[in-house]
Amino acid sequence: MPWFGTLLAALFLAILLYAGARPIGPIPPLGNFLDPVHGVWAVAAAAELPSASSARIPGLLRPVRVRYDRRGVPHIFAESETDVQRALGYVVARDRLFQLELQARAGAGTLTELIGPDVLSIDRAARGLGLPGAAERALAALDSTSAERTSLNAFADGVNAWIDQLSARQVPLEYRLLDRRPARWQPINTLHLLNRMGWTLALSGNEVLRLETRARVGRAAADALFPIDNPIQEPLQPNGQTAPRFDFIKVPPPGPPDTQFVEREKSSIRQSSLMPRAEDALGSNNWAVSPARSASGFALLAGDPHLELTLPSIWYEAHLVVPGKLDVYGVTIPGAPSIVIGFNRALAWTFTNTESDVMDKYAESVDEDARPNKYLLDGAWVPMTRRVETYRGKGGEVLAVDTLLFNRRGPINRSGGRWISTRWTVLEGASSLRAFAAVAHAGSVADYFKAMETYGAPPQNMLVADRAGSIGIRSTGRFPVRPGDGRGDEFRDGTTSASDWTGDWSWSAVPQSVDPRQGFLASANQQPIDPRQHPRYLGADWYSPWRAMRINLLLRADSQVSVDDMRRFQTDPGSARADLFVPAFLAAAGLSHDSSVGRAAALLAQWDRRYLRENQRAVLFEGAMQALSRRLWDELTDPVGNPRSWQGPYPGESVVAELLADPDNAWWDDRRTSVVEHRDDVLNAALQEALQVTVAIHGEPDAGGWRWDRVRHANIYHLLRIPALSRLELPVQGGPSTLSPSSGSGTEGPSWRMVVQLGPNVHGWGTYPGGQSGNPVSHRYAEHLQQWMAGELDSLRFPSRIEELTGEDASASLLLEPAR
């Protein structure tokens, strides 16, 4: 961007910031904001990378050369891995300094020191869960000469070298808005960051949800509504089937409230940090194809992790090279000293969340209910550990002080009139640093799996493909073995050590597959293993496997998959969910004599069940599905004799599909009416309601207001949720439970799309919704956004030598030298 254009952009930014509401912190005085050194003009001055620059880093052993390609990706060439890590810290800080600090503080529970009291509840949740203490223990457990500790220190050297050399003009805009200065980076910050990611991906067995459901409809019905095993089986570990299997049962009718849970349910308090997840908003996909089923004759891999969408993005692209030792390309989380998802010269890898239950809750007995000091264990009173947490504001003032309690399992809190402790693998020092560093050197699927045996949490479905043509997948991490029935979705008795975990699953027992006969592998957060093959408890209330069903359908139908096919599949608009439910609505409407039902059905029948941006009928279907849930689950939302509102999610749509096969099941009856309803009555009423509501909100069907791209959008917020720095109401292809799922708020979605071909020369394509720079005036702030919205991927430059990046392929260079 020309300098004059950058200044105009800065002025426009200033106008936007002062014209619009800012949700966090006071706006600085306008005069200060327009100051040529400290204000918005300085933001413009530091917006773009200089064509050539140099810097010195303390601790650097030898000079490091960095060349940025035209996409703003740094290609770092060094003579040692510690120097690569120092350089990575420097370039990440150069582009994403505010994001680095914000994310680390989120895990440390010190956001108030940067932002103020508005975020006190977030800090309290992080500390109350024990995240800071876990990071401290993990750091203390690392030997000072270990590779992990060395990498943490090296990355910190690079970040702090940038901070120490930071001029007033280069201070990121967010610090100016918050009237703060960047804090120096500590090695523990990386562990805070990784623990925060564990929090983002955490799932418990929904103990509170199961308790609340039993309190309303009894044990048998509750266990069927939120089952251990999904009624539709399409596991990631191939089970020999060539289509999804429907393990439908007769769902028990609503029963009398389970009296032992009623009083607890009335006073139950949910932990906001671990609410039961929505049906399918935060879903990820990955798949790989063997050479025998690819058009090129080489293995192909696609990675598509879905996370919260932010500007700047959660990911930062980089290429790390130490000749003869390391050559790896991909994305890292700003603050991590290695590539997290990517490829080297021999293989490629990616993840999806396993959705397994690695967090258990225990009902404890304490000596004093109001102010406990001890808890009962095996007949003896054991002292609790206390940790005093002081929360400070931006000026160092004390905002609050908490005394937190911990027992041998983890944090202990009062909830629902009881004292509950939590045990969670993330709190037990399972660092992923060694694993991420090791996989960069792996040369085969077997090497990769071996390297990942040190990985602990959060559990991930790790997919890998290599140049030899092998493909493999494994649910990787710690999976606890529980005593008795092995379930982790119910409160356990904390007064006895017999309730404790007895170990971890062996590597041979976890869901996995290498080179299956079917010639492909895929995961999409579904239940990983067929319970008929392995009935052991891994989790409960799994996502409905609509995305897994769709990608497997596409892969089974194509024995000559191309790179472009892999790309297109990532935004495929088809829906296994719509394919199942639309015919049910139309069949029910065909038996109705109501003209409004007939009109709604005629409109729905015009839809090809694809979530294209221009389609004008998906909005009617989504309205019908929402109305169906409201009508179907009245026993939960309006329980007899229990006025407390329903706080959990509705049962999954796999259970709704199960009920479709049982038209006279008691769940179809709406107890709020004087007649007894059956399946078709409820389907027709839901479709009729959907038409009324859709017309009321969006107008008549063919007036233009029903277009999907006017109804459903992606909303990518700036880290401080400043509208002027965000990109909102972006039209995208995809819908609920498609391979590109979208949430109601549009704030979650595909965070990094990647396709890799593992031929003689490994070639990758990718993109993400944003850009490398965190500076909102830079052209690199959101430069990939249009490409991401269109479902296109860019060719990723993967040079063996720095000299290969020249001319139009290169945009800037940086020389890093040892400090004098």
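Residues numbered from 1 in each chain as written. Predicted model: local features only at pLDDT ≥ 70, side-chain atom pairs only at ≥ 80, totals over all residues. Heavy atoms only, no water.

S.K.: So what's going on with the nonpolar core? Residues and values would help.
M.R.: Residues Val91, Tyr448 and Leu816 are the most contacted members of the largest nonpolar core, which totals 115 residues. If you tally residues by element for this core, the top one is helix H4 (residues 81-108), at 13 residues. Contact partners of valine 91, with chain neighbours within four places excluded, come to Val66, Tyr68, Pro74, Ile76, Tyr316 and Leu814. In this structure, Val251, Tyr611, Ala686 and Trp708 belong to the second largest nonpolar core, which totals 53 residues. (Core = buried A, V, L, I, M, F, W, Y, C linked by side-chain atoms within 4.5 Å. Buried < 20%, exposed > 50% of the residue type's maximum accessible area, 1.4 Å probe, protein only. Helix = DSSP H or I, 4+ residues; strand = E, 2+ residues; numbered from the N terminus. Contact = heavy atoms within 4.5 Å.)

S.K.: Residue-level account of the confidence of the model for the protein, with values.
M.R.: Mean pLDDT over the protein stands at 91; residues scoring 70 or higher make up 90%. Per-residue pLDDT stays below 50 along residues 1-5; that stretch engages in 6 contacts with residues further than four places along the chain or on separate chains. Long-range and interchain partners of residues 265-277, a stretch whose pLDDT sits below 50, account for 40 contacts in this model, where long-range means more than four residues apart. (pLDDT = per-residue confidence, 0-100.)

S.K.: So what's going on with the pattern of salt bridges? Which residues, and what values?
M.R.: This structure, assessed with the given rule, holds 60 salt bridges. A salt bridge links arginine 672 to aspartate 670, with the nearest nitrogen and oxygen atoms 2.9 Å apart. With relative accessibility at 46%, the residue arginine 672 sits in the partly exposed group. Among the ionic contacts, a cluster of salt bridges with common partners joins Arg210, Arg214, Arg219, Asp223, Arg487, Asp489 and Glu490. (Salt bridge = Lys/Arg side-chain N within 4 Å of Asp/Glu carboxyl O.)

S.K.: Hey, could you go over the packing of helix H19 (residues 618-632) against helix H22 (residues 679-698) for me, with residue numbers and the actual values?
M.R.: Where H19 meets H22, the axes come as close as 7 Å, and the angle between the chain directions of the two elements is 125 degrees. Here H19 lies oblique to H22, going by the angle between them. In this structure, H19 crosses over H22, and the sense of that crossing is right-handed. Residues Val619, Leu620, Gly623, Ala624, Ala627, Leu628, Arg630 and Arg631 of H19 form the contact with H22, whose participating residues are Val682, Leu683, Ala685, Ala686, Leu687, Glu689, Ala690, Leu691, Thr694 and His698. Its residues placed into classes, the contact of H19 with H22 shows 12 nonpolar, 3 polar and 3 charged. (Axes fitted to C-alpha atoms, helices over the stretch in contact; angles between N-to-C directions. Parallel < 35°, antiparallel > 145°, perpendicular 65-115°, else oblique. Left-handed = near helix turned anticlockwise from the far one by under 90°. Nonpolar A, V, L, I, M, F, W, Y, C, P; charged D, E, K, R; others polar.)

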